[in-house]
Amino acid sequence: MGYDEMRYKELLDGLEVSEIQLSDLERTHRIDSEFYRKQFIEDYEILENVDNVTFSKVMEISDGNHMSISNDFCEKGVPYYRGQDIYSFFIENANSVKITREAFERGIMRRSHLQRGDVLISIVGAIIGNSSLVYKDIEATCSCKLAILRPKGILPEVLATYIKSRYAQSQIQRYRRGGSQTGLIVEDIGTLKIPEFSIEFQNCIKDYIDKMYLLIEKSVSLMSNAETIMLRNFQMDTTLYDDSRYVEKSFSSSFGTTSRLDAEYYQKKYDNLFEQINRYSTRRLEELVDIRKSVEPGSEFYIDEGVPFVRVSDLTKYGISEPSIKLAKSTIKNLDFFYSRKDTILLSKDGSVGIAYKLEQDANFVTSSALLHLSVKSSEILPDYLTLVLNSEIVRLQAERDSGGSIIQHWKLSEIEKVIIPILDMTIQKQLSNDIRKSFGCRKLAKDILDKAVKIVEIAIEQGEEKALCFGMKDEGI
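Residues numbered from 1 in each chain as written. Predicted model: local features only at pLDDT ≥ 70, side-chain atom pairs only at ≥ 80, totals over all residues. Heavy atoms only, no water.

**Q** Would you mind going over the overall build of the chain with me for this structure?
**A** When you go through the chain residue by residue, the secondary structure sums to 16 helices and 21 strands. Here the chain, with 478 residues, has 49% of them falling under the buried criterion. For the chain, long-range pairs separated by at least 24 residues make up 74% of all intrachain contacts whose partners lie at least 6 apart in sequence. Approximately 24300 Å² of the chain is accessible, and the part contributed by carbon and sulfur atoms is 49%. (Helix = DSSP H or I, 4+ residues; strand = E, 2+ residues; numbered from the N terminus. Buried < 20%, exposed > 50% of the residue type's maximum accessible area, 1.4 Å probe, protein only. Contact = heavy atoms within 4.5 Å. Areas by Shrake-Rupley, 256 points an atom, 1.4 Å probe, with all protein chains shown as cover.)

**Q** Help me out: how do you make sense of the packing of aromatic side chains in this one?
**A** The relative placement of two aromatic rings is captured by the distance of their centres and the angle of their planes. Counted according to the given criterion, the structure contains 12 aromatic pairs. Considering the side-chain rings of Phe89 and Phe90, the 5.1 Å spacing of their centres and the 85° angle between planes classify their relative orientation as edge-to-face. Residue Phe89 shares its accessibility class with Phe90, and that shared class is buried. Summarising the aromatic geometry, the rings of Tyr162 and Phe197 are spaced 6.5 Å apart at their centres and angled 65° between planes, so their arrangement reads as edge-to-face. Pair noted here: Tyr162 is in helix α5 (residues 156-164) and Phe197 is in the loop between β10 (193-195) and α8 (199-233), with a separation of 35 residues, a long-range link. When its relative accessible area of 0% is taken as the criterion, Tyr162 is described as buried. The rings of Phe55, Tyr162, Phe197 and Phe201 are connected pair by pair, giving a single aromatic cluster. (Phe/Tyr/Trp six-rings, centres within 6.5 Å; stacked < 30°, edge-to-face > 60°.)

**Q** Can you walk me through the sheet that holds strand β2 (residues 59-63) in this structure?
**A** Across a sheet, paired strands are connected by hydrogen bonds in the backbone, their directions being either parallel or antiparallel. Pairing is antiparallel across the open sheet formed by four strands, whose spatial order is β2-β9-β6-β7. The sheet is open, and its two edges are formed by β2 and β7 (131-133), each paired on a single side. Strand-to-strand twist across the sheet, computed as the mean angle between neighbouring axes with direction ignored, equals 20°. Sheet topology note: the strand β6 (residues 119-122)/β7 ladder contains three bridges and is antiparallel. (Pairing = 2+ DSSP bridges. Axes fitted to C-alpha atoms, helices over the stretch in contact; angles between N-to-C directions.)

**Q** Help me understand the packing of helix α15 (residues 426-463) against helix α16 (residues 465-472), please; the structure alone is not making it clear to me.
**A** The geometry of a pair of packed helices is captured by two quantities: the angle between their axes and the separation between those axes. Interaxial distance between α15 and α16 falls to 7 Å at its minimum, and their mutual angle equals 155°. By the criterion of interaxial angle, the relationship of α15 to α16 is roughly antiparallel. When the axes of α15 and α16 are compared, the crossing they make is right-handed. Here Lys452, Lys455, Ile456, Ile459, Ala460 and Gln463 of α15 come into contact with α16, specifically with Glu465, Lys467, Ala468, Phe471 and Gly472. Per-class residue counts for the contact of α15 with α16 are five nonpolar, two polar and four charged. (Parallel < 35°, antiparallel > 145°, perpendicular 65-115°, else oblique. Left-handed = near helix turned anticlockwise from the far one by under 90°. Nonpolar A, V, L, I, M, F, W, Y, C, P; charged D, E, K, R; others polar.)

**Q** Could you clarify how one ought to interpret helix α6 (residues 166-174) in this entry?
**A** What sets the pattern is the α-helix's 3.6 residues per turn: residues three or four places apart point alike. Of all the nine residues making up α6, seven are buried; the element is thus mostly covered by neighbouring parts of the structure. All of the buried residues in α6 are Tyr167, Ala168, Gln169, Ser170, Gln171, Ile172 and Arg174. At its buried positions, α6 is contacted by α2 (38-48), α5, β10 and α15.

**Q** Help me out: how do you make sense of the packing of α2 against α6 in this one?
**A** With their axes 9 Å apart at the nearest point, α2 and α6 run at an angle of 130° to one another. The orientation of α2 with respect to α6, classified from their angle, is oblique. Both α2 and α6 take part in a crossing whose hand is left-handed. Here Gln39, Phe40, Ile41, Asp43, Tyr44, Ile46 and Leu47 of α2 come into contact with α6, specifically with Arg166, Tyr167, Ser170, Gln171, Gln173 and Arg174. Class assignment of the residues belonging to the contact of α2 with α6 gives a composition of six nonpolar, four polar and three charged.

**Q** Explain the nonpolar core to me, please; I cannot follow it from the model alone.
**A** Where a protein is soluble and globular, its nonpolar side chains tend to be buried together. Counting residues in hydrophobic clusters, the biggest one holds 54 residues, and the most contacted among them are Phe55, Phe90, Leu149, Leu159, Tyr162, Ile194 and Phe201. For this core, the secondary-structure elements that each account for two or more residues are α3 (55-58), β6, β9 (146-151), α5, α6, α8, α15 and α16. In terms of residue count, the dominant contributor to this core is α15 (11 residues). With near-sequence residues (within four places) excluded, Phe55 lies in contact with Ile61, Leu149, Leu159, Tyr162, Ile189, Gly190, Leu192, Lys193 and Ile194. (Core = buried A, V, L, I, M, F, W, Y, C linked by side-chain atoms within 4.5 Å.)

This is the structure in structure tokens:
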């Protein structure tokens with residue numbers, strides 16, 4: 001190598017510049033610079049140093065339903081998973097919309113029926129690359145915003161874990177296409193590479209995922225038990241769900257009091273709710289918490305790297321998924337003021353209203369204006385107990401009543417402040433809070449197991465399966 005060529009390479013080392021031969025272009029001959037980022041190329045070269053195959057060799061690849069389905073949504077029915085539902089490793093844990101059985105059984109829908117062992121990947125929008133595993137035999141289907149990967153030469157648990165790894169995500173993000181709304185096409189998924197892992201190694205990863213699933217199931221059981229105990233203490237009965245269509249109200253007890261004319265607001269089930277909870281000590285939410293609004297800088301300030309920006313789609317009652325949107329620190333003056341602190345309860349007021357999650361520790365992220373920050377100020381109530389009530393039918397029905405009639409739900413701050421919260425004895429609150437903490441402890445341990453499984457996969461690619469399995473034998477409390 002001559003001096004000039006060496007000097008040329010030295011100059012390139014410090015820059016985001018890649019030199020590619022025309023003969024090395026991939027099958028669609030892409031020449032956009034983003035496709036040839038140094039990190040993408042380096043990760044791909046590491047992957048090429050191990051025995052690998054393309055996705056198309058070891059799985060069937062399709063996508064979900066392309067037909068209009070919104071008219072078939074219903075309260076109880078068959079799960080219909082969409083892009084925003086891919087936030088949990090196990091898809092069964094997603095709180096999806098439902099469609100009628102008649103819609104599910106249409107001939108045109110059968111191609112998108114899910115099976116045990118399928119792996120789902122979001123392929124349209126801002127969260128491309130999120131994935132979930134269909135762990136159990138369930139009746140369910142999904143939208144075309146998701147790709148369905150059906151393994152035939154690799155264990156599903158291994159495929160799902162690999163997709164979470166750096167080397168799969170690097171390929172997925174590299175193959176994104178589009179401008180304002182990016183996407184990943186099915187044909188490109190088939191060209192992605194996956195190592196040919198040994199059966200021994202695959203079984204090791206499967207053991208981790210099976211342990212993870214048991215912990216998630218225990219977490220769900222503990223949370224469900226806490227909700228049941230709470231409602232049992234309030235002696236809630238089935239009349240709470242009375243959907244009687246005909247209700248007679250005087251002017252003074254309807255519009256004269258509430259200024260609402262929409263009939264949905266006066267359904268019998270709401271009267272039943274308040275009749276039951278008003279038998280107990282209650283407080284308005286504004287008496288129990290301080291409520292702080294967050295910010296909404298606008299989509300023009302969204303970037304790929306920076307301060308995480310949490311939106312409603314990133315939030316569940318079990319936690320916060322990794323936000324796909326980031327903000328520059330310079331976007332908002334005094335950005336630190338808007339960071340979320342330990343024991344703050346995040347409550348959604350737009351879109352999917354009434355989702356509450358209590359932070360277990362300080363968090364250096366910013367939330368959208370659709371999420372309110374609640375800080376408990378009363379000694380009458382514990383933060384974990386309040387979060388449990390906010391996620392229960394008791395508050396869900398109040399949110400449904402207040403925000404009903406809108407195409408996109410919006411829960412006004414003035415209505416949220418007036419939400420009625422029943423107060424249980426502090427001894428019971430402590431018992432419930434203990435179950436809730438155990439539930440989140442199980443989820444934390446499950447996440448640690450998944451993180452370790454992903455790390456084992458990455459070590460196997462970088463250093464070989466033997467070293468990866470040795471690392472796996474170090475329990476480190478897992």
